[in-house]
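# A closer look at the structure
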Amino acid sequence: MSKSLIDLISILDLEQLEVNLFRGNSPKTSWQRVFGGQVIGQAMVAACRTVEGRLPHSLHCYFILPGDPQIPIIYQVERLRDGKSYSTRRVTAIQHGNAIFSIMVSFHAEEESAFDHQDKMPDVPPPEKLTAEEVAKQPMFREMPDFIRRYYESDRPIELRPVELGRYFGQKIEDGRIHVWIKTAATLPDDPALHMCALAYASDFSLLDAIMARYGRTLFDKRMMPASLDHAMWFHRPFRADEWLLYAQDSPSARGGRGLTRGSIFKPDGTLVASVAQEGSVRERRS
């Protein structure tokens, strides 16, 4: 079993303390605050542990305070509704006696529908064309910043393969549309709910970068102070998070220190499996 799989499973494997009460831990990293996707994924796991026979179809959450990676996070689940077709759970993440995060997760019993349509998947190079070996053939890669090299070299729970590499060198994306292939670094068990929680974890990676793309900048810019404010996600069709998925992102608006981003997640065959929206704080550091 690879280290990445152990890391992801351990991140999402919560300890049950009492009915509706769970505890999660953070991996040992150099980060000063808890990664937002981690809290989303763990809170979803807590919610899923209280529902039987139904899978999540949507989530809406707010990041309230930065999480402390040095101490556990307590997740308190409130069972708001168990109807014939839908169940609703509210989960609050707590540290130092304060709420740091809140999420509403809605579950739906599978049913047939007379309506079935989706947007088309963008035409971009497949992940096989964006391996470290393939990217290294491009002249720009010899001067690629260390943070981009780590996309390909780091042993992380989520593999990332950006499509528009030029933006890391100051290239402006006029329409702000960027794409990145994502998947878990190792195979996950055959549990649909776990794959949803894993994708929710991954959905917070790089999303605010869509704001920066219009300006030829990235969130790795040390002048920036990015932070997720809220996050919403809708699950449309079955998928596996351990197989490549295209994360197509854009930002329709930014103003007043905040920016809105949107994401559509597709399987390689073009199937739209999930949609995401997030508003973030995108301030420059004051000198």
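Just so we're clear, the structure is a prediction, and the values are computed from it rather than from any experiment. (Residues numbered from 1 in each chain as written. Predicted model: local features only at pLDDT ≥ 70, side-chain atom pairs only at ≥ 80, totals over all residues. Heavy atoms only, no water.)

Going through the model one piece at a time under the given rule, you end up with two cavities of 30 Å³ or more. Taken as a whole, the second largest cavity spans an internal volume of roughly 30 Å³. In terms of lining, the second largest cavity is formed by Ile158, Ile182, Lys183, Thr184, Ala198, Leu199, Ala202 and Ala241. When residues of the lining of the second largest cavity are traced back to their parent elements, those giving at least two are β8 (178-184) and α5 (192-202). Among the residues making up the lining of the second largest cavity, the classes are represented as six nonpolar, one polar and one charged. (1 Å grid on protein atoms, 1.4 Å probe; cavity = no way out; pocket = protein on both sides within 12 Å on 5 of 7 lines; lining within 4 Å. Points joined across faces, edges and corners; volume = space filled by probe spheres on them. Helix = DSSP H or I, 4+ residues; strand = E, 2+ residues; numbered from the N terminus. Nonpolar A, V, L, I, M, F, W, Y, C, P; charged D, E, K, R; others polar.)

Close contact between helix α2 (residues 36-48) and α5 brings their axes to 7 Å; oriented N to C, the two are set at 155°. Accordingly, the angle class assigned to the pair α2 and α5 is roughly antiparallel. You can see that α2 and α5 cross each other, and the crossing is right-handed. Contact residues: α2 offers Gly37, Gln38, Ile40, Gly41, Met44, Val45 and Cys48, while α5 offers Ala193, Met196, Cys197, Ala200 and Tyr201. Looking at the contact of α2 with α5 residue by residue, the classes come out as nine nonpolar, three polar and no charged. (Axes fitted to C-alpha atoms, helices over the stretch in contact; angles between N-to-C directions. Parallel < 35°, antiparallel > 145°, perpendicular 65-115°, else oblique. Left-handed = near helix turned anticlockwise from the far one by under 90°. Contact = heavy atoms within 4.5 Å.)

Once that is clear, we can look at the pattern of salt bridges. Close approach of charged atoms allows side chains with opposite charge to pair. Enumeration over the complete set of coordinates arrives at 14 salt bridges. The salt bridge partner of Arg237 is Asp116, with a shortest N-O separation of 3.0 Å. With Arg237 in the loop between β9 (224-235) and β10 (245-255) and Asp116 in the loop between β6 (98-108) and α3 (132-135), the pair connects residues that are 121 residues apart, well separated along the chain. Among the residues examined, Asp116 registers a relative accessible area of 66% and is labelled exposed. For Glu279, the salt bridge identified is with Arg258, shortest N-O distance 2.9 Å. Residue Glu279 is located in strand β12 (residues 272-284), and its partner Arg258 is located in strand β11 (residues 258-266); the two are separated by 21 residues in the primary sequence. (Salt bridge = Lys/Arg side-chain N within 4 Å of Asp/Glu carboxyl O. Buried < 20%, exposed > 50% of the residue type's maximum accessible area, 1.4 Å probe, protein only.)

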